[in-house]
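For reference, the chains in residue letters:
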Amino acid sequence: QENRLTGTIPTTLGKIPSLKNVFINSNNLQGKVPSQLGNLANLTLLLLDTNELTGTIPDEICNLKNHSHLYSLWVDCDGSPKPPVECNCCSM
């Protein structure tokens, strides 16, 4: 977190099945959250807040929260100061 990352979230993160905690919050990441992150069956914590992400959290990620060990998913859902990321399964 707070690594001054820019660009988009790489889809290749979804090819690292051993990932359990992903802290990429508080950066300057843009674009949509890739559905490939839903391949991370061991994921327990996904922090995406305080970036410039847009769109909707993919169902593949929400399915992780409902059917695996993902216990916390943080994104900017409140819309301030920018348009919100839509999410039906997120913590705020």
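Residues numbered from 1 in each chain as written. Predicted model: local features only at pLDDT ≥ 70, side-chain atom pairs only at ≥ 80, totals over all residues. Heavy atoms only, no water.

Counting its regular elements, the chain contains 1 helix and 6 strands. If you list the helices and strands of the chain from N to C, you get β-β-β-β-β-α-β. A total of 92 residues make up the chain; the buried ones form 41% of that total. In the chain, of all internal contacts separated by at least 6 residues, the share reaching a separation of at least 24 is 51%. (Helix = DSSP H or I, 4+ residues; strand = E, 2+ residues; numbered from the N terminus. Buried < 20%, exposed > 50% of the residue type's maximum accessible area, 1.4 Å probe, protein only. Contact = heavy atoms within 4.5 Å.)

Note that Q36 resides in the loop between β3 (28-32) and β4 (45-47). Exposure remark for Q36: the relative accessible area of 31% places this residue in the partly exposed category. Note: C-alpha distance between Q36 and I61 (25 residues apart in sequence) is 8.3 Å.

Our next topic: the confidence of the model for the chain. Per-chain confidence: the chain averages 81 in pLDDT, with 73% of residues scoring 70 or above. Here strand β6 (residues 72-74) stands out as the least confident element of the chain, with mean pLDDT 67; strand β1 (residues 6-7) is the most confident, with 96. (pLDDT = per-residue confidence, 0-100.)

We now examine the sheet that holds β1. Pairing in this open sheet of 3 strands is parallel, and the strands run β1-β3-β5 from one edge to the other. The sheet is open, and its two borders are formed by β1 and β5 (52-54), each paired with just one other strand. Pairing of β3 with β5, which is carried by 3 bridges, proceeds in the parallel orientation. By the bridge assignment, Q30 is partnered in β5 with E52. (Pairing = 2+ DSSP bridges.)

So, about the nonpolar core. I9, V33, L37, L48, L53 and I57 are the most contacted members of the largest nonpolar core, which totals 19 residues. With 3 residues, the single largest contributor to this core is helix α1 (residues 59-67). Setting aside anything within four residues of it in sequence, one finds V33 in contact with L48, L53, T54, I57, P58 and I61. (Core = buried A, V, L, I, M, F, W, Y, C linked by side-chain atoms within 4.5 Å.)

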